[in-house]
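Structure at a glance
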Amino acid sequence: MSSFWSLWIWVFTLPVLVLCLVLILWNLKNYVGVPEDETTDHEVDGLKELNNPLPKWWTYMFFATLIWSIFYLAAYPGLGNYKGFLGWSSSNQGIKSLEESRQATQLALAEGRRVQLDLENIKADEVYGPVFQQFAQREVLDLAYDTEALKIGQRLYLQNCALCHGSDARGQRGFPNLTDNDWLYGGTPDKIKETLLYGRKAAMPGWEAALGDQGIKEMTAYVLQLSGRAVNEKDAEAGKAKFGMCAACHGADGRGSIAHNLPFGAPNLTDNIWLYGGSSAAIEETLRNGRYGVMPAFKQTLGEDKVHLLTAYVYRLANPEDLR
């Protein structure tokens, strides 16, 4: 926070506290001109208005609230850049990366500052860390069909994965469906765990400069034909002749990286499952401009034990029946 806005908060907060005190003291005195507990000569329907002071308990409550407000602003962050004499804060501010967060946490501990979020994380690790470690000793295939492990895995999924893949894990445009057993980098427990730990960066280059408008049209026709769609045969044949530039990643038969044990994450073009849409327009857009997908790594944010449980949950999503 800049010095200007910090000063702005001080200027508006402290006078308000003073004004509250003045109003409380002002209301303790009788300015009506009528002795307390006597009538003010106001009468409506036989009801007379008496000049009664505020009840003592009510007055004491106002003073207690004011005193508490002053203590709170002195003890906790509430007056601009002033941190409070207790050294407490809700979280480390201005954090832009995991590394900055770790450094800020270590610095706060070294300086003896109380950062609430850090304290809660430490407490959670102390309480739940042994639970995750216990599950991490078991095989993923075993955990994938364990009711208690799946409950924890589901919570981890909803907290960390549902934003992109959906609460039902069926994905959305640009984010894979995790329930259809169609994988870009492999659906074995080891491959799923590798993806979760280290993330993925996919790169599909744009071919507009190399193919031109007609070439894009022809390649689109051939890709649609690969997935069993009816297309212009002439365009598809011309596209097939150009498909060699795609075969390095998708394979000469278009069945993708998994079918040919390649590490690129190139999708199978023959199964009619589309990440960015399977319409002619969507495929043309992909061919023209390329696609660049990013799956974040969770090794640092979740740790290997939690990723182990999450792996079991994701595996179970695509393999609901226990085939062990």
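Residues numbered from 1 in each chain as written. Predicted model: local features only at pLDDT ≥ 70, side-chain atom pairs only at ≥ 80, totals over all residues. Heavy atoms only, no water.

Secondary structure assignment for the protein chain yields 15 helices and six strands. A compact globule built from 324 residues should have a C-alpha radius of gyration of about 20 Å, whereas the protein chain, at 33 Å, is more than 25% larger. With the C-alpha coordinates aligned to their principal axes, the bounding extent of the protein chain is approximately 105 × 50 × 50 Å. With 324 residues in all, the protein chain has 31% of them scored as buried. Within the protein chain, contacts between residues at least 6 apart in sequence are counted, and of these 58% link residues at least 24 apart. With an accessible surface of roughly 20700 Å², the protein chain has 58% of that area assigned to carbon and sulfur atoms. Here the protein chain holds 30 positive side-chain charges and 37 negative ones, and the gap between their average locations is 6 Å. (Helix = DSSP H or I, 4+ residues; strand = E, 2+ residues; numbered from the N terminus. Rg over C-alpha atoms; globule rule 2.2 N^0.38 Å. Buried < 20%, exposed > 50% of the residue type's maximum accessible area, 1.4 Å probe, protein only. Contact = heavy atoms within 4.5 Å. Areas by Shrake-Rupley, 256 points an atom, 1.4 Å probe, with all protein chains shown as cover. Lys, Arg positive; Asp, Glu negative; His and termini not counted. Charge placed at Lys NZ, Arg CZ, Asp CG, Glu CD.)

Looking at the element boundaries, Lys-299 is found in helix α14 (residues 299-302). Distance in space between the C-alpha atoms of Lys-299 and Leu-196 is 7.3 Å, their sequence separation being 103 residues. For Lys-299, the contacting residues outside a window of four places in its chain are Leu-196, Leu-197, Tyr-198 and Glu-304.

Let us look at the nonpolar core. By size, the foremost hydrophobic cluster in this structure holds 30 residues, and its most contacted members are Tyr-157, Leu-178, Leu-309 and Leu-310. Listed by contribution, the elements that provide at least two residues to this core are α4 (116-136), α5 (140-143), α6 (147-160), α8 (189-198) and α15 (304-318). For this core, the element with the highest residue contribution is α15, accounting for nine residues. Contact partners of Leu-309, with chain neighbours within four places excluded, come to Phe-132, Phe-135, Leu-143, Ala-149, Ile-152, Gly-153 and Leu-156. (Core = buried A, V, L, I, M, F, W, Y, C linked by side-chain atoms within 4.5 Å.)

A word on the pattern of salt bridges. Within the structure shown, the criterion is met by 14 salt bridges. Between Arg-113 and Glu-111 there is a salt bridge, and its shortest N-O distance comes to 2.8 Å. For Arg-113, a relative accessible area of 32% puts it in the partly exposed group. Between Asp-142 and Arg-138 there is a salt bridge; the shortest N-O distance is 3.1 Å. Through salt bridges that share partners, Arg-138, Asp-142 and Asp-146 make up one connected network. (Salt bridge = Lys/Arg side-chain N within 4 Å of Asp/Glu carboxyl O.)

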